[in-house]
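# Observations on the three-dimensional arrangement
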Amino acid sequence: MEQLVNYKRRVASRFLPLEGDSAQQDLPESEAFIYSQKLDGHLGFAVVEGDSVQFYNRSGTALNLPALAAAFPRLNGIWAGELYMSAGRSRAFQVATAVASGGEGLAFAVFDAVHALEQSTTERIELVERTIPAGERVHPVAWARTDSRKEILARYQEALEAGQEGLIVVPAHGLGYKLKPIIELDVTVLGYSMKEDGSGIRSLLVGLMDDEGVWQVVASVGGGYNEDDRAIWLQK
């Protein structure tokens, strides 16, 4: 599914990381912002043709998620969203496990219409909002609107206090931003997953050893690498 792979490269990867506490100073000036909670999950796609719904991952590989497919409204198109755990604080590595086991506990938050890329980002967000109904397992991302960077900073701080990962912010014009805290840790690589073509790593599983000598998983890190980095890490 070349269209899905191109979406990841051309659209999703263009959201720039930004240290959340500097949002008021570092976000570009704009007459309006759209923002939402940043979910910790995996990018996914629902391809709907008539009564057929098939989910795919960001690499265009088909996923076996029958319950989510049954819950998705029959609205023709290619819908991008976040696969995440519906109960508690979603973690990317938990989502990977759930995807591999048929989707138990997964929900899908729709945030974009891939079939309408000729429209602007804000227009596509509005298309999703008025088209995708809010269900228990499938729903549109809950976007809010403001013209104030100060308000975005306040909502970001509230999100962290509530145990959330951060915010996604889309100015009226230009690139989008991922607002997250910067945390520096020295971690150990516990494992890795490979790209489908075997050319490099897809993600690294990293962790820390606690005082009792037990390894604790910290995160699955799949972003921030170029293709050369992925190949070099595989050789290590």
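Our structure is the block above this text.
The structure reproduced in this document is the subject of the present report. (Residues numbered from 1 in each chain as written. Predicted model: local features only at pLDDT ≥ 70, side-chain atom pairs only at ≥ 80, totals over all residues. Heavy atoms only, no water.)

## Let's talk about the overall build of the protein chain
Scanning the protein chain for helices and strands turns up seven helices and 14 strands. Here the protein chain has a C-alpha radius of gyration of 18 Å; the compact-globule value for 236 residues is 18 Å, and the two agree. If one aligns the C-alpha atoms of the protein chain with their principal axes, the spans along those axes are about 50 × 45 × 35 Å. The buried share of the protein chain, taken over its 236 residues, is 41%. (Helix = DSSP H or I, 4+ residues; strand = E, 2+ residues; numbered from the N terminus. Rg over C-alpha atoms; globule rule 2.2 N^0.38 Å. Buried < 20%, exposed > 50% of the residue type's maximum accessible area, 1.4 Å probe, protein only.)

## Here's the deal with the packing of aromatic side chains
Aromatic ring pairs are described here by two measures, namely the spacing of the ring centres and the angle between the planes. Taken as a whole and assessed by the stated rule, the structure comprises four aromatic pairs. When the centroid spacing of 6.2 Å and the interplanar angle of 80° are considered together, the rings of F55 and F72 count as edge-to-face. Within this pair, whereas F55 is found in strand β4 (residues 52-57), its partner F72 is found in the loop between α3 (66-71) and β6 (77-85), the two being separated by 17 residues in sequence. Here the two residues F55 and F72 agree in accessibility, since each one is buried. What links up through ring pairs into an aromatic cluster is the set F55, F72 and F108. (Phe/Tyr/Trp six-rings, centres within 6.5 Å; stacked < 30°, edge-to-face > 60°.)

## Digging into the side chain of T146
Topologically, T146 is positioned in strand β9 (residues 144-146). Polar contacts involving the side chain of T146 include one to the main-chain amide nitrogen of S148, which spans 3.1 Å. (Polar contact = N/O pair within 3.5 Å; in protein donor to acceptor, adjacent residues only side chain to side chain.)

## Observations concerning the sheet that holds strand β2 (residues 33-37)
In sheet architecture, strand pairing relies on hydrogen bonds along the backbone and comes in two forms, parallel and antiparallel. Strands sit in the order β1-β11-β10-β2-β9 across an open sheet of five strands; the sheet is mixed. In this open sheet, the two strands that pair with only one neighbour each are β1 (16-19) and β9. The average undirected angle you get between the axes of adjacent strands in this sheet is 30°. The strands touched by helix α5 (residues 121-131) are β2, β9 and β10 (167-171); relative to β10, the strand with the most contacts, the crossing angle is about 120°. (Pairing = 2+ DSSP bridges. Axes fitted to C-alpha atoms, helices over the stretch in contact; angles between N-to-C directions. Contact = heavy atoms within 4.5 Å.)

## As for the sheet that holds strand β12 (residues 188-194)
Taken together, the three strands give an open sheet; going across it, the order is β12-β13-β14, and neighbouring strands pair in antiparallel fashion. Either end of the sheet is taken by a strand with one partner, and the two such strands are β12 and β14 (215-221). For this sheet, the mean inter-axis angle between neighbouring strands, taken without regard to orientation, is 25°. Across six bridges, the pairing between β12 and strand β13 (residues 201-209) is antiparallel. Pairing of G191 across the sheet is with L205, part of β13. Lying on the sheet, helix α7 (residues 227-235) is in contact with β12 and β13; it crosses β13 at an angle near 55°.

## Description of the environment of F111
Along the chain, the position of F111 falls in strand β7 (residues 106-113). Distance in space between the C-alpha atoms of F111 and W79 is 7.7 Å, their sequence separation being 32 residues. Beyond its immediate sequence surroundings of up to four residues, F111 is in contact with Y7, L43, A80, G81, E82, I125, V128, V141 and W143.

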